[in-house]
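# Analysis of the macromolecular model
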Amino acid sequence: MNILKYICYCCGLLLTLSAYAVEVNDVTGMTPVQVKKVVQPESTEQVAELVKNTSGPISIAGGKYSMGGQTAFTDAVQIDTSKLNHVIAFDPEHHLLTIEAGASWQQVQQLIDPYGLAVKIMQSFANFSIGGSLGVNVHGRYIGEGPIILSVEKIKLVLADGSIVMASPHENQEIFYAAIGGYGGIGVITEVTLRLSDNVKVKRVNQLMPIAEYHRYFVEHIRSDKAAIFHNGIIYPPEFEQVRAVTFVETQEPLTIEDRLRPLHKKYPIKKQQLKIVSSSDSGKKLRQLHDNVEFHHQPVMWRNYEASHRVAELEPIQNKKKSYALQEYFIPIDQFDAFYPQMVEILKKHHVNVINISIRHANADSGSLLAWAKTEVYAFVIYYQQNKDQQSQQQVGIWTRELIDAALANNGSYFLPYQLHATEEQFKQAYPRAEEFFQLKSKLDPTNKFRNLLLERYRPTPNNHVPEHYYPGK
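So, a few notes on the structure that sits alongside this text. (Residues numbered from 1 in each chain as written. Predicted model: local features only at pLDDT ≥ 70, side-chain atom pairs only at ≥ 80, totals over all residues. Heavy atoms only, no water.)

## A closer look at the pairing of strand S16 (residues 323-333)
- For S16, the tally of buried residues reaches nine of 11 residues, placing the bulk of the element in the interior.
- In the sheet, S16 pairs with strand S18 (residues 378-388) via 11 bridges, with the strands oriented antiparallel. What sits directly across from Ala-326, in S18, is Tyr-385.
- Strand direction decides the pairing type here: S16 and strand S19 (residues 414-415), joined by two bridges, are antiparallel. Opposite Tyr-330, over in S19, you have Tyr-415 as the bridge partner. (Buried < 20%, exposed > 50% of the residue type's maximum accessible area, 1.4 Å probe, protein only. Helix = DSSP H or I, 4+ residues; strand = E, 2+ residues; numbered from the N terminus. Pairing = 2+ DSSP bridges.)

Shown next as structure tokens:
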């Protein structure tokens, strides 16, 4: 073999190998998965052709901010939706937007802000893709709202046979309620029509109190306040005894922040340094509360869109070679608040969890999604923590995670699925009692189990035996 042929042979071999050895990961860096290839369709029709002509497994990825393999599966064709981001229709007068699911929320905000409109429901960060948000049925800090499904007029999706269908609460209802919050198991959501809200000026106010007083305060002062737009409680580690109730209320006062949206490419060196200090020691955590006492003394007035346009860059780097920051979330009926939070604190302290922050959110009941996390009106306890990446540390996280899930279930609550796959099959079934209906519908619409990811394979009734055990840390 001459040198030219040898080089051509090697290049061809490398290209062949690359098609079968593309490593993808999520934001924590703890779930590397070797997929067959990554493709970027740019229209619903391209997605349909791809799905129709693919015989093996398919996984679906947006911003990849989920934390346990919910967007990947071994040897799957991964659909990267980032180029599926076109505006289909915009009706400012009737507060409606139809857009492709790969678009980010910041793209939506840039489009609608000049019209005085705002997103009705989304998570706290605007980098996420719309399709990913629908897939996990996100929520935010919005008062009087809840899961994002409550703001969705209709969706378009591609099923396993390549057919394109519309679904809404009034058309193909079973598909609608399975696909939203269905983690890509039913089909590829390619378009969504969203109901929008008005962009208004909001003023940040807050009150620091013992955590034992929070539930009563929320019910009496926030729950039915029509002026309240955003709200969350900040529980301060390491003692978890104080909570700061932070509310953004509609106001007519003059703006103190003139910007309508946060800059797209701003760096946050001070916030990153603060994160390192808080995660380094209990003293660092106490310093954070002292810092907040000064920071929250101010009552800035800003646009609703400005507050809703936070970037994940405020938290980066989320992970390095040895450590990662991660999230967990537990949903508790509001009348069980005082029963659950002492159990949560006891578990976190017992296992010396390096908690950075616990945020309390509120959500109204889900409208009917099969994998609903808000079966009633709930509080959400969002735990942001740091962990080591080694296998032993992941197993330790699994232990206290399952204890927290048991505590939530004992209080008629649930836990959120976009995070690491530590829950047992029994815990999953108890937290999501309509999962059997979901998987039955999936079998009907996707008889060859084409749409897969590590989450779906972990908990479906007939799991795939070829998923490596190390993808389920702490099982």
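Picking up after the structure, the text goes on.
## Quick notes on the packing of aromatic side chains
- A full pass over the atoms with the stated rule returns 23 aromatic pairs.
- Each ring, one from Phe-331 and one from Trp-373, has its centre 4.2 Å from the other, and the planes form 20 degrees; the classification is stacked. Within this pair, whereas Phe-331 is found in strand S16, its partner Trp-373 is found in the loop between strand S17 (354-363) and S18, the two being separated by 42 residues in sequence.
- For the ring pair Phe-331 and Phe-416, a centre distance of 5.3 Å and an interplane angle of 80 degrees mean the geometry is edge-to-face. In this pair, Phe-331 is assigned in strand S16 and Phe-416 in the loop between S19 and helix H12 (425-431), connecting sequence segments 85 residues apart.
- Three or more aromatic residues joined by ring pairs make a cluster, and in this case those are Tyr-214, Phe-218, Phe-337, Phe-340, Tyr-341, Tyr-379 and Phe-381.
- We note Arg-260 situated over the ring of Trp-303; from NZ or CZ to the ring centre the distance is 4.6 Å.
- Above the plane of the ring of Tyr-432 lies Lys-375, whose end atom (NZ or CZ) is 5.6 Å from the centre. (Phe/Tyr/Trp six-rings, centres within 6.5 Å; stacked < 30°, edge-to-face > 60°. Lys NZ or Arg CZ within 6 Å of the ring centre and 35° of its normal.)

## Thoughts on the sheet that holds strand S4 (residues 58-61)
- The three strands are arranged S3-S5-S4 in an open sheet whose pairing can be described as parallel. Pairing within the sheet leaves two strands with one partner each, and these edge strands are strand S3 (37-39) and S4. Taken pair by pair, the neighbouring strands of this sheet meet at an average axis angle of 25 degrees, ignoring direction.
- One ladder, built from four bridges, connects S4 with strand S5 (residues 77-80); its direction is parallel. Paired with Ile-60 across the two strands is Ile-79, which belongs to S5. (Axes fitted to C-alpha atoms, helices over the stretch in contact; angles between N-to-C directions.)

## Quick look at the pairing of strand S14 (residues 242-250)
- Burial within S14 is extensive, with seven of its nine residues counted as buried.
- Pairing between strand S12 (residues 201-210) and S14: nine bridges, direction antiparallel. Paired with Arg-204 across the two strands is Phe-248, which belongs to S14.
- Sheet topology places strand S13 (residues 228-235) next to S14; seven bridges connect them, and they run antiparallel. By the bridge assignment, Ala-228 is partnered in S14 with Val-249.
- Between the antiparallel neighbours S13 and S14 lie six residues, among them Phe-240 with a positive phi of about 60 degrees.

Keep in mind that these numbers describe shape and distance, not what the molecule does.
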